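Structural overview
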Amino acid sequence: AQHSQLVSHVIVPAGPLAAFRRTTPKAQAASANLTRSGTMSEAVLRLWPLICFRRRMRAMGLGVLPVQDKNHHSKTLTIHILGADGVECSSEESVRKSVGPFVRWMDSALQSGSLGRAQNSLGRMPAYPPSTSIDSLLIEFSGPNMPSTLIGKELDLLTQTKSQSAAGLVS
C-alpha cells in the first residue's frame, strides 16, 4: 500500500504527480508551478475523514451553534491560505496558476467519487452519503501584502470545466 501511494494519488492526476518525481528541467519547472496545488491536495486527503465526520455531525444537528440555522447545511469547503502575498496573488493570473490546478483536481476527484472510495478502502471511515458532499469550494487568501485589487474579489477557477459538484468554486 505504501508503494502505491508513491505512484498514484487520490486527488493529484498521474501526469502532474510524475513531474514531482522527475529531475528533468521541464519536470522541475512543472513541479515548481504545481507545488501549492500538490500541498493542498495532500492536506485535503489527510483531513478528508475529519471533514466528512464534521459534515455528518452537522447534518444530524450536532456541533451546531445556537445562532446557526440547524436546517442550513453548507456544502462549501473553505480553505484558508495564510501568509499569502504577491507570489500567489499579484494578479488573477497568478491566483489561477497557484491554486487553479488544485481546484480542477478536486473537481475531478469529487466527480469521480475517488475521495470517498479512497477513505473507505483505507479503512479510515465508511463511505458517506451525498448529504456530506461538497458542491462548492471557497479558497480565501490572507496575508499582510495582499494586493488591494484582489481583496474581496471572487474568481471562477473552473472556467474550463463547469461541473455540478464544483459549480460555484470561487477564490
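Residues numbered from 1 in each chain as written. Predicted model: local features only at pLDDT ≥ 70, side-chain atom pairs only at ≥ 80, totals over all residues. Heavy atoms only, no water.

Broken down by element type, the protein carries 6 helices and 2 strands. When the elements of the protein are put in sequence order from the N terminus, they spell out α-α-α-β-α-α-α-β. Contacts spanning at least 24 positions in sequence make up 76% of the contacts within the protein whose residues lie at least 6 apart. Accessible area for the protein stands at about 10,100 Å²; split by element, carbon and sulfur atoms hold 57% of it. (Helix = DSSP H or I, 4+ residues; strand = E, 2+ residues; numbered from the N terminus. Contact = heavy atoms within 4.5 Å. Areas by Shrake-Rupley, 256 points an atom, 1.4 Å probe, with all protein chains shown as cover.)

Counting through the fold element by element, His-9 comes out in the loop between helix H1 (2-7) and helix H2 (14-21). The exposure class assigned to His-9 is buried, which follows from its relative accessible area of 18%. A distance of 3.2 Å separates a polar side-chain atom of His-9 from the backbone nitrogen of Val-12. At 2.7 Å, the side chain of His-9 forms a polar contact with the side chain of Glu-42. (Buried < 20%, exposed > 50% of the residue type's maximum accessible area, 1.4 Å probe, protein only. Polar contact = N/O pair within 3.5 Å; in protein donor to acceptor, adjacent residues only side chain to side chain.)

In this section: the nonpolar core. Counting 32 residues, the largest nonpolar core has Ile-11, Val-95, Val-99, Phe-102, Ile-139 and Phe-141 as its most contacted members. Those elements that provide at least two residues to this core are helix H3 (25-59), strand S1 (76-82), helix H5 (92-112) and strand S2 (136-142). Phe-102 has contacts with Ser-37, Met-40, Ser-41, Val-44, Ile-79, Leu-137 and Ile-139, leaving out every residue within four places of it along the chain. (Core = buried A, V, L, I, M, F, W, Y, C linked by side-chain atoms within 4.5 Å.)

Before going further, it helps to spend a moment on the confidence of the model for the protein. Scored by pLDDT, the protein has a mean of 75; 70% of the residues are at 70 or more. By mean pLDDT, H1 is the weakest element of the protein at 50, and H5 is the strongest at 90. The low-confidence segment residues 1-5, where pLDDT is below 50, has 1 contact with residues more than four positions distant or belonging to other chains. Counting interchain partners and residues more than four positions distant, the pLDDT-below-50 stretch residues 125-132 has 16 contacts. (pLDDT = per-residue confidence, 0-100.)

With that out of the way, let us pick up the pairing of S1. The two faces of S1 differ: Leu-77, Ile-79 and Ile-81 on one face are buried, but Thr-76, Thr-78, His-80 and Leu-82 on the other face are not. The pairing of S1 with S2 spans 7 bridges and is classified as parallel. Across the sheet, the residue bridging to Leu-77 is Leu-137, located in S2. (Pairing = 2+ DSSP bridges.)

So, about the environment of Val-95. Checked against the element boundaries, Val-95 lands in helix H5. According to the relative accessible area criterion, Val-95 is buried, its value standing at 2%. As for Val-95 and Leu-155, which are separated by 60 residues in sequence, their C-alpha atoms are 8.7 Å apart.

To continue, consider the pattern of salt bridges. Per the stated rule, a full pass over the model turns up 4 salt bridges. Measuring nitrogen to oxygen at the nearest pair gives 2.4 Å for the salt bridge that ties Lys-153 to Glu-92. Of the two residues, Lys-153 is situated in the segment after S2 and Glu-92 in helix H5; the sequence distance between them amounts to 61 residues. Judged by relative accessible area, Lys-153 falls into the partly exposed class, the value being 37%. (Salt bridge = Lys/Arg side-chain N within 4 Å of Asp/Glu carboxyl O.)

Moving on: the environment of Ala-29. Mapped onto the elements of the fold, Ala-29 is located in helix H3. Separated by 10 residues in sequence, Ala-29 and Ala-19 place their C-alpha atoms 8.6 Å apart.

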